[in-house]
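Structural overview
Residues per chain are reported as follows:
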Amino acid sequence: MITDQLILDKKTAKSKYTADIKSEKPIRSIAKAISWRIIGTLDTLLVSYLLTGKVVLAASIASVDFITKMFLYFFHERIWNKIGWGR
């Protein structure tokens, strides 16, 4: 349980962190970024269409959103992978 690792069993949590820090490779972050952006882009497409009523405009908004947020998520994920807080 998470609370056990954070509060009660600090030695186990530290040894797991040492092993875990190397488990998240950049390719995994890329795969997570792509899969999350597909979900997010479908949401953006739907919301954009509901607000504008225009498929082409909604698709344009969703396309730009897909590219920019995928890159932002990748770097966000890599930075968090270097932070030991909460592990």
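First, a word on scope: everything that follows refers to the structure included in this document. Within each chain, residue numbers correspond to sequence positions counted from 1 in written order. Restriction of local features to residues with pLDDT of at least 70 applies here, the model being predicted, together with a cutoff of 80 or more for giving and counting side-chain atom pairs; totals for whole chains, interfaces and linings are based on all residues. Excluded from the side-chain calculations are hydrogens and water; all other atoms, namely the structure's heavy atoms, are used.

**Brief notes about the packing of helix H3 (residues 26-52) against helix H4 (residues 55-82)**
- Note on geometry: axes are C-alpha line fits, over the in-contact stretch for helices, and angles between N-to-C directions span 0 to 180 degrees. Comment: elements are numbered from the N terminus, with helices defined as DSSP H or I runs of at least four residues and strands as E runs of at least two. The N-to-C vectors of H3 and H4 enclose an angle of 150°; their axes lie 7 Å apart at closest approach. Compared by their axis directions, H3 and H4 come out roughly antiparallel. The two elements H3 and H4 cross, and the hand of that crossing is right-handed.
- Any residue that is not Ala, Val, Leu, Ile, Met, Phe, Trp, Tyr, Cys, Pro, Asp, Glu, Lys or Arg is counted as polar, Gly included; the first ten are nonpolar and the last four charged. The residue makeup of the contact of H3 with H4, split by class, is 18 nonpolar, six polar and six charged. Angle categories: roughly parallel below 35 degrees, roughly antiparallel above 145, roughly perpendicular from 65 to 115, and oblique for all the rest. In this scheme, a crossing is called left-handed if the near helix is turned counterclockwise away from the far one by less than a right angle; it is called right-handed if the turn is clockwise.

**What to know about the environment of Ile-38**
- Structurally, the position occupied by Ile-38 is in helix H3.
- For the pair Ile-38 and Ala-62, spaced 24 residues apart in sequence, the C-alpha to C-alpha distance is 9.9 Å.

**Structural notes on a nonpolar patch on the surface**
- Residues qualify for a patch when their relative accessible area is over 30% and they have no salt bridge, like charges being joined within 9 Å and the nonpolar side chains of Val, Leu, Ile, Met, Phe, Trp and Tyr within 5 Å. Accessible surface is estimated by sampling points in the Shrake-Rupley manner with a 1.4 Å probe; for residues, cover comes only from the protein chains shown. When a carboxyl oxygen of Asp or Glu lies within 4 Å of a side-chain nitrogen of Lys or Arg, that pair is called a salt bridge. Residues Ile-67, Phe-71, Phe-75, Ile-79, Trp-80, Ile-83 and Trp-85 make up a contiguous nonpolar surface patch of about 800 Å² in total accessible area.
- For Phe-71, a relative accessible area of 51% corresponds to the exposed category. Whether a residue is buried, partly exposed or exposed follows from its accessible area with a 1.4 Å probe, protein chains only, as a fraction of its type maximum: under 20%, in between, or over 50%, in that order.

**A look at the packing of aromatic side chains**
- Whether two aromatic rings pair depends on their centres lying within 6.5 Å, for rings of Phe, Tyr and Trp, where Trp uses its six-membered ring; planes under 30 degrees apart make the pair stacked, over 60 edge-to-face, and the rest tilted. Under the counting rule described, the total for this entry stands at one aromatic pair.
- Ring geometry for Phe-74 against Phe-75: centres 5.2 Å apart, planes inclined by 80°, an arrangement best described as edge-to-face.

**Here we look at the environment of Trp-36**
- With respect to the helices, strands and loops of the structure, Trp-36 is situated in helix H3.
- Accessibility expressed as a relative area gives 46% for Trp-36, which makes it partly exposed.
- Along the chain, Trp-36 and Phe-66 lie 30 residues apart, while their C-alpha atoms are 9.7 Å from each other.

**Section: the pattern of salt bridges**
- Taken as a whole and judged by the stated rule, the model has three salt bridges.
- Taking the shortest distance from any N to any O, the salt bridge between Glu-77 and Lys-32 comes out at 2.8 Å. Of this pair, Glu-77 sits in helix H4 while Lys-32 is found in helix H3, placing the two residues 45 residues apart along the sequence.
- On the basis of relative accessible area, Lys-32 is assigned to the partly exposed category, the value being 27%.
- Residues Arg-37 and Asp-65 are paired through a salt bridge, measuring 2.5 Å at the closest nitrogen-oxygen approach. Taken as a pair, Arg-37 in helix H3 and Asp-65 in helix H4 lie far apart in primary sequence, 28 residues in all.
- Residue class for Asp-65 comes out buried when judged on its relative accessible area of 9%.
- A single salt-bridge network, built from bridges that share partners, covers Arg-37, Asp-65 and Lys-69.

**Concerning the side chain of Ser-48**
- Summarising the element assignment, Ser-48 is placed in helix H3.
- The exposure class of Ser-48 is buried, given its relative accessible area of 7%.
- Counting of polar contacts relies on pairs of N or O atoms within 3.5 Å, with two restrictions inside protein: one atom must be capable of donating a hydrogen and the other of accepting it, and residues adjacent in sequence are counted only when both atoms are side-chain atoms. Polar side-chain contacts of Ser-48 include one of 2.8 Å to the backbone oxygen of Thr-44.
- For Ser-48, the contacting residues outside a window of four places in its chain are Gly-53, Ala-58 and Ile-61. When checking whether two residues touch, look at their non-hydrogen atoms; a contact exists if any pair is within 4.5 Å.

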